[in-house]
Protein chains: 2
Amino acid sequence: MIQLKHLASILLTPVMVSTLIGTILVSSVQAQPKEVTAPSPAPKAAVAADPLASWNDGKAKQSILDFVKRVTAPGTKDFVPEAERIATFDNDGTLWAEQPLYFQFLFAVDRVKALAPEHPEWKDNEPFASLLSGDMKGALAGGEKALMEIVAATHAGMTTDDFEKVIKDWLATAKHPTTKRPYTEMTYQPMIELLTYLRANGFKTFIVSGGGVEFMRAFAEKVYGIPPEQVIGSSGKQQFEMRDGKAVLVKLAALDFMDDKDGKPIAIQRVIGRRPIAAFGNSDGDLQMLQWAAAGSGPRFCMYVHHTDAEREWAYDRVSHVGKLDKGLDEAKEKSWTVVDMKQDWKRVFTFEKTALSESK
Amino acid sequence: MIQLKHLASILLTPVMVSTLIGTILVSSVQAQPKEVTAPSPAPKAAVAADPLASWNDGKAKQSILDFVKRVTAPGTKDFVPEAERIATFDNDGTLWAEQPLYFQFLFAVDRVKALAPEHPEWKDNEPFASLLSGDMKGALAGGEKALMEIVAATHAGMTTDDFEKVIKDWLATAKHPTTKRPYTEMTYQPMIELLTYLRANGFKTFIVSGGGVEFMRAFAEKVYGIPPEQVIGSSGKQQFEMRDGKAVLVKLAALDFMDDKDGKPIAIQRVIGRRPIAAFGNSDGDLQMLQWAAAGSGPRFCMYVHHTDAEREWAYDRVSHVGKLDKGLDEAKEKSWTVVDMKQDWKRVFTFEKTALSESK
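Residues numbered from 1 in each chain as written. Chains lettered and ligands numbered in written order. Predicted model: local features only at pLDDT ≥ 70, side-chain atom pairs only at ≥ 80, totals over all residues. Heavy atoms only, no water.

**A short note on the overall build of chain A**
Then, number 1: Summing up its helical and strand segments, chain A has 16 helices and 8 strands in all.
Then, number 2: By residue count, 58% of the 361 residues in chain A fall in the buried class.
Then, number 3: Carbon and sulfur atoms make up 53% of the accessible area of chain A, which amounts to about 14800 Å² in all. (Helix = DSSP H or I, 4+ residues; strand = E, 2+ residues; numbered from the N terminus. Buried < 20%, exposed > 50% of the residue type's maximum accessible area, 1.4 Å probe, protein only. Areas by Shrake-Rupley, 256 points an atom, 1.4 Å probe, with all protein chains shown as cover.)

Right, here's the structure in full:
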């Protein structure tokens, strides 16, 4: 079971694995966004002039503008050459939502349903039997073992090319359980503007996330403008094979690397090889990445997205089963890092609000 | 010893570890370049006009020009968008020389000498005692174990920042044993022109090498124009620590990843996430990378550098202790891949020849 257990870590942090089942079984959930109507359109000229149009004026927005101005002013002591303007972003809870569960886990559940016709034996075996009959409670009664079997059944045993197609097909059709929107529209509009703004100022933007690297690459370029080679994530082991004279990589049911907590600076060093000058996260799993960015010389920018908006999004921090932000919140205060108060600082939250706006014109 | 054994793999392929000692003890070496005089300067206009000026006209050069023309012609069926123009290069023996031994091993030997004052115990312990008295034969009499102790003593136990400084200091002063040139001038001028030519045509160039990733990053940007985040290599495990409130990564004496053979396509998938359309190597250790590139759809370019020039460089292939090219040579012929005959195809070999040329003006 050790292999399967590790594989599950690709989707779920260890803490989460142990608390997940209980959470799923809790019927009373925190305030969740429903299908929303588009906000009043902002004046068009203002939108065009402001690279961070979805951010309300305030300390958070100002700190971003100040930092970028500081590192891009030639001839000053804080000037940073373009090649060193590395910015790293967590994904779940930082660039897109992560409630009620990591979207990659919701993918795994849908994938079991899609694969069921090829696995007639599943209707007599847990956790698949319960899951297929819509009984999530029963499916997860088997605890960690059940969870891992779901992960193994959905993330291994196929080539990397096949897996990419599976994810892309899912993203094209799947809808979020409460907003009923495609997952790729549950990205945060203010953060997409931030990515664009940084790149316009010579930054190279990277994702550094606990999510599966291949899962994220399936949408990161289209949705965030971040190409595959700038996406760092957790990964499973792979095996090189020649099939009919053609090279393929087959995904195995074993963890290769868990890109969370200490793993984040380690992956940054291994893959990027340069210390970021700016790092963005939303949970304690991002703390070491922020610490690593902060420890370099010269100007540094560390930012936490704090989920404070129970109405438009979700409100959670110190005791959450996903995106727990406890130590990080204390350290951010102590170190005067930027903490985004989602409710106060964001004019709009989701990309789909913008889409609705565009559509209404 | 297993940890140390694996660590040695960062520098030396398994085959090499077992054959290295014998090789070092062999006194009669293959023809080696001596200090050379500059070749007659080429006409200036011709150099400026030809992006591959150090390549002789012939099949190899033409195949490169044809491929680049083919994938960059808009509106044709073979056109490849810029984002997908990924080119991967092996380093040792492909971008710079690898004789009489991988340069990273020569670094390790020099490093032992530099560290000796801090290790008085070494003068009574092998392999260090012999190594320090200049007796390489005695130093390596301990076989694999001796080799691994050298690697552990020189590549672990320090922070990544400290290690970077150590390598850069070494590269700035060390000289190759036969040419007496800095190692960074033992890069291949025709390959540097090729890198530049590909980038000028919208390619993104990556190193994918069995060498240590941090070792290569210390010179890749300056020498090849390849930034740290486009260098993929072997790596040791690292540990995240807070020291005096500052985040550091400490290099451990254990292998994390061996970027050779099957490891190359696996690393390409993990780090780049896109299949290269062009791949360049010089040994059987690169074969899987070339097979992986070749197996994609659309136009593909695979190239082997064949070391055929015993006078200007070294001549070796099927039975060499470094850069063994046997299966790869057969497969290249079978698949009609480009094989560069160094003696025939390269007008100049080393970058230092160009330097000498510039200096003579």
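There is more to say after this.
**Brief notes about unusual backbone geometry**
Then, number 1: The amide bond that connects Glu126 of chain A to the next residue, Pro127 of chain A, takes the cis arrangement and shows omega of 5°.
Then, number 2: Residue placement: Pro127 of chain A occurs in the loop between α5 (103-115) and α6 (128-132).
Then, number 3: In this model, Gln99 of chain B is joined to Pro100 of chain B through a cis peptide bond whose omega is 0°.
Then, number 4: On the secondary structure map, Pro100 of chain B appears in the loop between β1 (86-89) and α5 (103-115).
Then, number 5: Although it is not a glycine, Lys180 of chain A adopts a positive phi angle of roughly 60°.
Then, number 6: Topologically, Lys180 of chain A is positioned in the loop between α9 (160-173) and α10 (189-200).

**Structural notes on the packing of aromatic side chains**
Residue and element names in this part refer to chain B.
Then, number 1: Evaluated as defined, the whole model comprises 42 aromatic pairs over all chains.
Then, number 2: Aromatic pair Phe107 and Trp170: ring centres 5.3 Å apart, planes at 75°, arrangement edge-to-face. Highlighted residues: Phe107 in helix α5 and Trp170 in helix α9 (residues 160-173), separated in sequence by 63 residues. By the burial criterion, Phe107 is buried, and Trp170 matches it.
Then, number 3: With 5.3 Å between their ring centres and 50° between their planes, Tyr188 and Trp346 make a pair best called tilted. (Phe/Tyr/Trp six-rings, centres within 6.5 Å; stacked < 30°, edge-to-face > 60°.)

**Re the environment of Ile167 of chain B**
Then, number 1: With respect to the helices and strands, the residue Ile167 of chain B is situated in helix α9.
Then, number 2: Spatially, the C-alpha atom of Ile167 of chain B lies 20 Å from that of Gln239 of chain B, the residues being 72 residues apart in sequence.

**Digging into the interface of chain B and chain A**
Then, number 1: Contacts between chain B and chain A engage 38 residues on the former and 38 residues on the latter.
Then, number 2: The largest per-residue losses of area from chain B upon contact with chain A belong to Glu229, Phe240 and Arg270 of chain B, which jointly make up 21% of the total buried on that side.
Then, number 3: Counting every contact that joins chain B to chain A gives 10 salt bridges.
Then, number 4: Two residues, Glu229 of chain A and Lys204 of chain B, come together in a salt bridge whose shortest N-O distance is 2.9 Å. (Contact = heavy atoms within 4.5 Å. Buried area = accessible area lost by both parts, 1.4 Å probe. Salt bridge = Lys/Arg side-chain N within 4 Å of Asp/Glu carboxyl O.)

**Some details on the side chain of Gln291 of chain A**
Then, number 1: Position of Gln291 of chain A relative to the elements: it lies in helix α13 (residues 287-294).
Then, number 2: Apart from residues no more than four positions distant in its own chain, Gln291 of chain A is found in contact with Glu331 and Trp337 of chain A together with Phe240, Met242 and Ala247 of chain B.

**What about the packing of helix α12 (residues 263-272) of chain A against α13 of chain A?**
Residue and element names in this part refer to chain A.
Then, number 1: Contact pair α12 / α13: the axes reach a minimum separation of 7 Å and the direction vectors enclose 50°. By the angle between their axes, α12 is oblique relative to α13. Along the contact surface, α12 presents Lys264, Pro265, Ile268 and Gln269, while α13 presents Gln288, Met289 and Trp292.
Then, number 2: Here the contact of α12 with α13 is built from residues that sort into 4 nonpolar, 2 polar and 1 charged. (Axes fitted to C-alpha atoms, helices over the stretch in contact; angles between N-to-C directions. Parallel < 35°, antiparallel > 145°, perpendicular 65-115°, else oblique. Nonpolar A, V, L, I, M, F, W, Y, C, P; charged D, E, K, R; others polar.)

**Let's talk about the relation of the copies chain B and chain A**
Then, number 1: When chain B is fitted onto chain A, the two copies agree to an RMSD of 0.0 Å after a turn of 180° and an axial shift of 0.0 Å. One copy is carried onto the other by what is essentially a two-fold rotation axis. Closest approach to the rotation axis among the C-alpha atoms of chain B is made by Val271 of chain B, whose C-alpha sits 3.3 Å away.
Then, number 2: Comparing interface residues between copies, 100% of those in chain B also sit at the interface in chain A, which points to an isologous, same-surface contact. (Least-squares fit on C-alpha atoms with pLDDT ≥ 70 in both.)

**Re the pattern of salt bridges**
Then, number 1: On inspection of all chains with the given rule, the structure shows 44 salt bridges over all chains.
Then, number 2: One salt bridge in this structure joins Arg275 of chain A and Asp161 of chain B, with 3.0 Å as the shortest N-O distance. Highlighted residues: Arg275 of chain A in the loop between α12 and β5 (278-281) and Asp161 of chain B in helix α9, drawn from two different chains.
Then, number 3: Here the salt bridges do not stand alone but share partners, grouping Lys204 and Arg274 of chain A together with Glu221 and Glu229 of chain B into one network.

**A short note on helix α8 (residues 143-155) of chain B**
Residue and element names in this part refer to chain B.
Then, number 1: With 13 residues, α8 ought to run about 18 Å at 1.5 Å a step, and its terminal C-alpha atoms sit 19 Å apart, in line with that.
Then, number 2: The buried fraction of α8 amounts to 10 of the 13 residues, a majority that puts the element mostly inside the structure.
Then, number 3: Restricting attention to buried positions, one finds in α8 the residues Gly143, Ala146, Leu147, Met148, Glu149, Ile150, Val151, Ala152, Thr154 and His155.
Then, number 4: Downstream of α8 by a residue or two, Gly157 has a phi angle that is positive, lying close to 80°. (Expected span 1.5 Å × (residues − 1).)

**What about the environment of Gly212 of chain B?**
Residue and element names in this part refer to chain B.
Then, number 1: Summarising the element assignment, Gly212 is placed in strand β2 (residues 204-212).
Then, number 2: Taking relative accessible area as the criterion, Gly212 reaches 4% and is therefore assigned buried.
Then, number 3: Between the C-alpha atoms of Gly212 and Phe257, which are 45 residues apart in sequence, the distance is 9.7 Å.

**Comments concerning the pairing of strand β6 (residues 301-308) of chain A**
All names here are of chain A.
Then, number 1: β6 sits mainly inside the fold: 7 of its 8 residues count as buried.
Then, number 2: Of the pairings in the sheet, the one linking β5 to β6 comprises 4 bridges and is parallel in character. In the strand pairing of β6, Phe280 is matched with Met303.
Then, number 3: For the crossover that starts at β5, traverses α13 and ends in the parallel β6, the hand is right-handed.
Then, number 4: Sheet topology note: the β6/strand β8 (residues 338-341) ladder contains 4 bridges and is parallel. Within β8, the residue paired with His306 across the bridge is Asp341.
Then, number 5: With 2 bridges joining them, β6 and strand β7 (residues 315-316) adopt antiparallel strand pairing. Looking at β7, one finds that His307 is bridged to Tyr316.
Then, number 6: Linkage of β6 to β7, two consecutive antiparallel strands, is achieved through a turn of 6 residues. (Pairing = 2+ DSSP bridges. Right-handed = clockwise from strand over helix to strand, strands pointing away.)

**With respect to α10 of chain A**
In an α-helix, one full turn covers 3.6 residues, which means residues spaced three or four apart are oriented alike.
Residue and element names in this part refer to chain A.
Then, number 1: With 12 residues, α10 should reach 16 Å at 1.5 Å per residue; the first-to-last C-alpha distance of 16 Å fits that figure.
Then, number 2: Along α10, the residues that are buried comprise Gln189, Pro190, Met191, Ile192, Glu193, Leu194, Leu195, Tyr197 and Leu198.
Then, number 3: Positive phi shows up at Gly202, right after α10, with a value of about 85°.

**A closer look at the pairing of strand β1 (residues 86-89) of chain A**
Residues and elements named next belong to chain A.
Then, number 1: Neither face of β1 is exposed, since Ile86 and Thr88 on one face and Ala87 and Phe89 on the opposite face are all buried.
Then, number 2: Bridge count for β1 against strand β2 (residues 204-212) is 4 bridges, and the pairing is parallel. When the sheet's bridge partners are listed, Ala87 is paired in β2 with Thr205.
Then, number 3: Note: β1 against β5, 3 bridges, orientation parallel. Its bridge partner lying in β5, Thr88 is registered against Ala279.

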